[in-house]
Amino acid sequence: MAIASTARAQTVEEVIAKNIKAQGGREALLGLKSVERKGSVSVDGSFGQMEGSVEEAVIPWKKARRALDLAVFVQKDGYNGKTAWRENMEGVKDLEGEEATQIKRSVDLNPLVTLKERELKAEKLADETVDNVAYFVIQLTSKEEKPPVKLYIHKETNLLNRTTVKQTTPQFGEIDVVIENTDYREFGPVKLPTKSKITLGEALTILTTYTETKVNGNVDEGIFEKPAEEAAK
């Protein structure tokens, strides 16, 4: 009963502080030079199931690139700190709206570390239990009137395991997006999830298992720039 009472008494500041500490600490997270990852991907939707590979590179808090190869479908998304872009069989284009937001969010190894810099408001909501797991719930809102994001912090590990947000996409319209990050492991000074499940309403599920992770390596920052149209053809 005493433990339960203490858990309920947690303030939003305390939950955030414990979460950042559990992942390695603010200094360690902000000090990362780069993160490079490779893994396997399984995509399940109305079209059936596809499997393939993914490669990601991130300059934390600044730039990101993701290359998805499903054999019949190949796509690269990037963000150079100013412009978000996509390259696939249709060519190269700038991304806007929610499509741009998705790749931009991938630069944040922990969205709670840079709240002040991004002018985000954090509010603690009522605790929730999902699939028999107890969570602290924090809601993030911005001045740009975007849908709020809900973060679910595991009460025992203090790690971020679940994120939910409403998004409007060209393919599916307005949907509930659920991101589940699990199986955290230590890579250098920080902990990162090695499994990710993204559910886009009832339309699509993307499972990613990271098999290789390298931190603080040398990354050619040219890979974050938008490819020339000629190169895409």
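Just so we're clear, the structure is a prediction, and the values are computed from it rather than from any experiment.

J.: Would you mind showing me how to read helix 2 (residues 12-22) here?
T.: Since there are 3.6 residues in each turn of an α-helix, residues three or four apart along the chain are aligned in direction. Every buried residue of helix 2 is accounted for by V12, V15, I16, N19, I20 and A22. Relative to the axis of helix 2, the buried residues are bounded by an arc of 160° and lie together on one face. In helix 2, those exposed residues whose orientation departs by more than 90 degrees from the buried face are E13 and K21. G24 sits one or two residues past helix 2 and shows a positive phi near 130°.

J.: Quick question: what am I supposed to make of the layout of surface pockets here?
T.: Regions of empty space are outlined by a rolling probe, equal in size to a water molecule, passed over the atoms. Within this model, the second largest pocket holds a volume of roughly 270 Å³. Lining the second largest pocket are 14 residues, with I16, L112, V113, L115 and K116 positioned closest to its centre. The dominant element in the lining of the second largest pocket, judged by the number of residues it contributes, is helix 2, at five residues. Split into classes, the residues belonging to the lining of the second largest pocket amount to nine nonpolar, one polar and four charged.

J.: Would you take a moment to explain the pattern of salt bridges for this structure?
T.: Between side chains of opposite charge, a pair can form as their charged atoms come close. Scanning all chains against the criterion turns up 14 salt bridges. Measuring nitrogen to oxygen at the nearest pair gives 3.4 Å for the salt bridge that ties E117 to R26. Residue E117 is found in the loop between helix 4 (97-105) and strand 7 (121-130), and its partner R26 is found in helix 3 (residues 26-30); the two are separated by 91 residues along the sequence. Judged by relative accessible area, which is 53%, E117 ranks as exposed. The residue D183 makes a salt bridge to R185 at a minimum N-O spacing of 3.1 Å. In the salt-bridge network here, residues are joined through shared partners; they are D77, R86, K93 and E99.

J.: Which parts of the structure should I look at to understand the nonpolar core?
T.: One broad rule of soluble globular proteins: the nonpolar side chains tend to lie buried together. Counting residues in hydrophobic clusters, the biggest one holds 38 residues, and the most contacted among them are I16, L29, L112 and I138. The element contributing the most residues to this core is helix 2, with five residues. Contact partners of I16, with chain neighbours within four places excluded, come to L112, L115, A122 and I138. If you look at the next biggest cluster of nonpolar residues, it comprises eight residues, including Y79, A84, A100 and I103.

J.: What should I look at first to understand the environment of L207 in this one?
T.: Structurally, the position occupied by L207 is in strand 13 (residues 204-215). A relative accessible area of 40% places L207 in the partly exposed class. For the pair L207 and P189, spaced 18 residues apart in sequence, the C-alpha separation works out to 26 Å. Contacts of L207, omitting those with residues within four sequence positions, involve S40, V41, S42, S196 and K197.

J.: What should I look at first to understand the environment of P60 in this one?
T.: Inspection of the secondary structure assignment puts P60 in the loop between strand 2 (48-59) and strand 3 (63-69). With near-sequence residues (within four places) excluded, P60 lies in contact with L32, K33, S34, V35, V107 and L109.

J.: Is there a simple way to explain the pairing of strand 6 (residues 91-94) in this structure?
T.: Each regular strand displays side chains that alternate between the two surfaces of the sheet. In terms of strand pairing, strand 5 (residues 84-88) meets strand 6 through four bridges, oriented antiparallel. Note that in strand 6 the partner of R86 across the bridge is K93. The loop that links strand 5 with its antiparallel partner strand 6 comprises two residues.

J.: Would you mind going over the packing of aromatic side chains with me for this structure?
T.: For any two aromatic rings, the description comes down to two numbers: the centre-to-centre distance and the angle of the planes. Going through the model one piece at a time under the given rule, you end up with one aromatic pair. Seen in terms of ring centroids, Y135 and Y152 are 5.7 Å apart; in terms of plane orientation they differ by 90°. Their pairing is edge-to-face. Separated by 17 residues along the polypeptide, Y135 in strand 8 (residues 133-141) and Y152 in strand 9 (residues 149-154) bring together distant segments of the chain. According to the relative accessible area criterion, Y152 is buried, its value standing at 4%. Over the face of the ring belonging to Y210 we find R37, whose NZ or CZ atom lies 4.0 Å from the ring centre.

Calculation notes
- Residues numbered from 1 in each chain as written.
- Predicted model: local features only at pLDDT ≥ 70, side-chain atom pairs only at ≥ 80, totals over all residues.
- Heavy atoms only, no water.
- Buried < 20%, exposed > 50% of the residue type's maximum accessible area, 1.4 Å probe, protein only.
- Helix = DSSP H or I, 4+ residues; strand = E, 2+ residues; numbered from the N terminus.
- Arc of directions from axis to C-beta.
- 1 Å grid on protein atoms, 1.4 Å probe; cavity = no way out; pocket = protein on both sides within 12 Å on 5 of 7 lines; lining within 4 Å.
- Points joined across faces, edges and corners; volume = space filled by probe spheres on them.
- Nonpolar A, V, L, I, M, F, W, Y, C, P; charged D, E, K, R; others polar.
- Salt bridge = Lys/Arg side-chain N within 4 Å of Asp/Glu carboxyl O.
- Core = buried A, V, L, I, M, F, W, Y, C linked by side-chain atoms within 4.5 Å.
- Contact = heavy atoms within 4.5 Å.
- Pairing = 2+ DSSP bridges.
- Phe/Tyr/Trp six-rings, centres within 6.5 Å; stacked < 30°, edge-to-face > 60°.
- Lys NZ or Arg CZ within 6 Å of the ring centre and 35° of its normal.

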